[in-house]
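Chains, contacts and geometry: an overview
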Amino acid sequence: MYFQTLKDLQKHYEEDGDLNSSKKVELTTSVMKLDTWLSSIGRRQAMQINPLQFAEDEHVNWGVATRLFKRLTQKQFFDVYYRYWNEDTGDLLITETDRDKLIKMDRVFDKYTEEYLPVDPDLIETVFQLLERIDPSESVKVSRHIDAPRYSN
């Protein structure tokens, strides 16, 4: 595995006596999939991760993905922030680290339309930023996955 925190979480789930065997398999498999998925994304994408995109890409149950991201945010593996977009134009209006603060704003200013728009809590996007780097002892494994083109005469 590429990330130490994910190694530790996987071990925790494997040793958790409160989980039944099928739940253990589901959680440990999902942690392994997250490890591989995160090691394959670029730096820019690692700054704006959507857990539901991970779930869709890796065929992980949405509830399990949400549970993993919440747990990993508590372990400071991820940082969470919230974005609010103009639903009609697709323009990003505000980014905030506190969802409740964003909801309490009630209205946000759209500098493109020069209007104040109401905040709909259902349209707040939750985004995660990866804080941990790949374990240096595992970085060789990442580079081995990249095949350089081979040319012959």
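Everything in this summary refers to the structure shown in the same document. (Residues numbered from 1 in each chain as written. Predicted model: local features only at pLDDT ≥ 70, side-chain atom pairs only at ≥ 80, totals over all residues. Heavy atoms only, no water.)

Re the pattern of salt bridges
- Taken as a whole, this structure holds three salt bridges when the rule is applied.
- Here K23 makes a salt bridge to E26, at a shortest N to O gap of 3.2 Å. Taken as a pair, K23 and E26 lie in helix α2 (residues 21-40) at a separation of three residues, close to a single helical turn. (Salt bridge = Lys/Arg side-chain N within 4 Å of Asp/Glu carboxyl O. Helix = DSSP H or I, 4+ residues; strand = E, 2+ residues; numbered from the N terminus.)

Some remarks on unusual backbone geometry
- Not every positive phi belongs to a glycine, and D106 is a case in point at roughly 70 degrees.
- Secondary-structure assignment places D106 in the loop between α5 (99-105) and β3 (107-110).
- One non-glycine residue, E114, lies in the positive phi region at around 55 degrees.
- Secondary-structure assignment places E114 in the loop between β3 and β4 (115-118).
- Exposure remark for E114: the relative accessible area of 64% places this residue in the exposed category. (Buried < 20%, exposed > 50% of the residue type's maximum accessible area, 1.4 Å probe, protein only.)

Section: the nonpolar core
- Among the nonpolar cores identified, the biggest contains 36 residues, and L38, I49 and F78 are the most heavily contacted of them.
- Those elements that provide at least two residues to this core are α1 (4-15), α2, α3 (51-58), α4 (62-74), β1 (78-85), β2 (92-96) and β5 (124-130).
- Beyond its immediate stretch of four places on either side in the chain, F78 contacts L38, I49, F69, L72, T73, F128, Q129, L130 and L131. (Core = buried A, V, L, I, M, F, W, Y, C linked by side-chain atoms within 4.5 Å. Contact = heavy atoms within 4.5 Å.)

Thoughts on the packing of α1 against α2
- Running from N to C, α1 and α2 point in directions that differ by 170 degrees, and their axes come no closer than 9 Å. Viewed along their axes, α1 and α2 adopt a mutual orientation that is roughly antiparallel. Residue-level contacts link L6, L9, Q10, Y13 and E14 of α1 to K24, L27, T28, V31, M32, L34, D35 and L38 of α2.
- Class assignment of the residues belonging to the contact of α1 with α2 gives a composition of eight nonpolar, two polar and three charged. (Axes fitted to C-alpha atoms, helices over the stretch in contact; angles between N-to-C directions. Parallel < 35°, antiparallel > 145°, perpendicular 65-115°, else oblique. Nonpolar A, V, L, I, M, F, W, Y, C, P; charged D, E, K, R; others polar.)

Description of the sheet that holds β5
- One open sheet holds the three strands; their spatial order is β2-β1-β5, and the pairing between them is antiparallel. Edge positions in the sheet fall to β2 and β5, since each has one partner strand and no second. Strand-to-strand twist in this sheet, taken as the mean axis angle between neighbours without regard to direction, amounts to 30 degrees.
- By the bridge criterion, four bridges tie β1 to β2 in an arrangement that is antiparallel. Looking across to β2, one finds that R83 is bridged to T95.
- The strands that α4 touches are β1 and β5; relative to β1, the one it contacts most, it runs at about 120 degrees. (Pairing = 2+ DSSP bridges.)

Overview of a negative patch on the surface
- On the surface, a cluster of negative charge is contributed by E87, D88, D120 and D122.
- Looking at the element boundaries, E87 is found in the loop between β1 and β2.
- Among the residues examined, E87 registers a relative accessible area of 62% and is labelled exposed. (Patch = residues over 30% accessible without salt bridge, like charges linked within 9 Å, V, L, I, M, F, W, Y side chains within 5 Å. Areas by Shrake-Rupley, 256 points an atom, 1.4 Å probe, with all protein chains shown as cover. Lys, Arg positive; Asp, Glu negative; His and termini not counted. Charge placed at Lys NZ, Arg CZ, Asp CG, Glu CD.)

Nothing here speaks to function; it is all geometry.
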